[in-house]
Amino acid sequence: MEPHHVKVGDSSDHSRRVRVVHISDTHRRHAEFAKAIPDGDILVHSGDFDSFSLAKLPLLRLLEEREIGKVAAFFDSQSHQHKVFVPGNHDMRLASYHLAGGRGRGSLASRLASSCHVLIDSEVTLCGLKFYGIPWCPLRDASYARAFSEPWESLLPRWQAAPADTDVLVTHIPPWEELGREVRERIRPLALLHGHIHRGNGVKYWEKGGSDSSVLVSNAAMDEIPKPVVIDFYHES
């Protein structure tokens, strides 16, 4: 399928173009999708690289290193200058590294740092754009895919921690209810990139509170509708 292609900003003679390619929810089908991913400056994956299986739960620790290696190898295979990864609720092996005491975030970062920027309540500035990543999802009793999952009431402080000067907010879930208000009224990024909703692949726009501008909202979930989203950001060079 042809990718969605949108632009943000004024494409004047004095502006610089930064092409961001957004994908999400590849669920271990990354090899199938790899050749269909367009070239660009920055590749963003907004979670669920993995696909959790209850049958493999007893082997979780044994599979950690192999699965993390697959994430690194996938990003290494892509030509983009920069890569950003924000995990999702199926990325159990990554979550176990993040949450496991002394080898948590440091170990995860050291294994993937040469391949991509893993954003877990953290930021990075690339090509003049500030990215901030929030992997957290609401905890659901009916699902065993509970990586980076917390009770609903714990999620708002995660969004409130995002800097107000964020250009591109990357989350796994769409910001429902008060999370959406936080995005529109306080953070007010140029774009919000998420996944999680497999049948919602596409783009839309939200009005920012107190202004005439809008937030581009991209859902690049690939599992059912394998269409990446290509976003050309134009800003003063």
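Before any of the text, the structure's been laid out above.
Throughout what follows, the structure given in this document is the object of discussion. Being a predicted model, the structure only gives us computed values, none of them experimental.

1. A closer look at the sheet that holds strand S5 (residues 117-118)
Each strand in a sheet pairs with its neighbour through backbone hydrogen bonds, running either in the same direction (parallel) or in the opposite one (antiparallel).
Part 1: The six strands lie next to each other as S1-S14-S2-S3-S4-S5, forming an open sheet whose pairing is mixed. At either margin of the open sheet sits one strand with a lone partner, and together these are strand S1 (4-8) and S5.
Part 2: Summarising the sheet, strand S2 (residues 15-23) and strand S14 (residues 229-236) pair through eight bridges and their orientation is antiparallel. Along S14, the bridge assignment pairs arginine 17 with tyrosine 234.

2. Here we look at unusual backbone geometry
Part 1: The phi dihedral of aspartate 25 is positive, around 50°, even though this residue is not glycine.
Part 2: For aspartate 48, which is not glycine, the phi torsion reads 65° and is therefore positive.
Part 3: Mapped onto the secondary structure, aspartate 48 falls in the loop between strand S3 (42-45) and helix H2 (60-77).
Part 4: Under the relative-accessibility criterion, aspartate 48 is labelled buried at 2%.

3. Some words on the nonpolar core
Part 1: Within the largest apolar cluster, 23 residues are counted, with the highest numbers of intra-cluster contacts made by Val20, Ile42, Val44, Phe131, Leu193, Ile231 and Phe233.
Part 2: For this core, the secondary structure elements donating two or more residues are S1, S2, S3, strand S6 (122-126), strand S7 (129-134), strand S10 (168-171), strand S11 (191-194) and S14.
Part 3: Per-element accounting of this core gives the leading share, three residues, to S14.
Part 4: Those residues in contact with isoleucine 231 that sit more than four places away from it in its chain are Val6, Val8, Val18, Arg19, Val20, Leu193, Leu216 and Ser218.
Part 5: Membership of the second largest hydrophobic core comes to 21 residues, among which are Met92, Phe148, Trp159 and Val215.

4. Section: the packing of aromatic side chains
Part 1: A complete count under the given rule lists five aromatic pairs for this structure.
Part 2: A ring pair is formed by phenylalanine 49 and phenylalanine 85, whose centres lie 6.5 Å apart and whose planes are at 75°; its orientation type is edge-to-face. With phenylalanine 49 in the loop between S3 and H2 and phenylalanine 85 in strand S4 (residues 82-85), this pair connects stretches of sequence that are 36 residues apart.
Part 3: What makes phenylalanine 49 buried here is its relative accessible area of 2%.

5. Looking at the sheet that holds S7
Part 1: Taken together, six strands build an open sheet; the order of strands is S6-S7-S10-S11-S13-S12 and the sheet is mixed. Across the chains shown, the open sheet's two edge strands, defined by having one partner strand only, are S6 and strand S12 (202-207). Taking each pair of neighbouring strands and ignoring which way they run, the sheet shows an average axis angle of 20°.
Part 2: In this structure, S10 lies alongside S11, joined through three bridges in parallel fashion. Within S11, the position partnered with leucine 169 by the bridge is leucine 192.

6. Focus: the pattern of salt bridges
Part 1: Evaluation of the coordinates by the stated rule reveals eleven salt bridges.
Part 2: The residue arginine 17 makes a salt bridge to aspartate 232 at a minimum N-O spacing of 4.0 Å. In this pair, arginine 17 sits in strand S2 while aspartate 232 sits in strand S14, placing the two residues 215 residues apart along the sequence.
Part 3: We classify arginine 17 as partly exposed; its relative accessible area is 42%.
Part 4: In this structure, the salt-bridge partner of glutamate 150 is arginine 158, at a minimum N-O distance of 2.6 Å.
Part 5: Judged by relative accessible area, glutamate 150 falls into the buried class, the value being 15%.

What counts and how
- Residues numbered from 1 in each chain as written.
- Predicted model: local features only at pLDDT ≥ 70, side-chain atom pairs only at ≥ 80, totals over all residues.
- Heavy atoms only, no water.
- Pairing = 2+ DSSP bridges.
- Helix = DSSP H or I, 4+ residues; strand = E, 2+ residues; numbered from the N terminus.
- Buried < 20%, exposed > 50% of the residue type's maximum accessible area, 1.4 Å probe, protein only.
- Core = buried A, V, L, I, M, F, W, Y, C linked by side-chain atoms within 4.5 Å.
- Contact = heavy atoms within 4.5 Å.
- Phe/Tyr/Trp six-rings, centres within 6.5 Å; stacked < 30°, edge-to-face > 60°.
- Axes fitted to C-alpha atoms, helices over the stretch in contact; angles between N-to-C directions.
- Salt bridge = Lys/Arg side-chain N within 4 Å of Asp/Glu carboxyl O.

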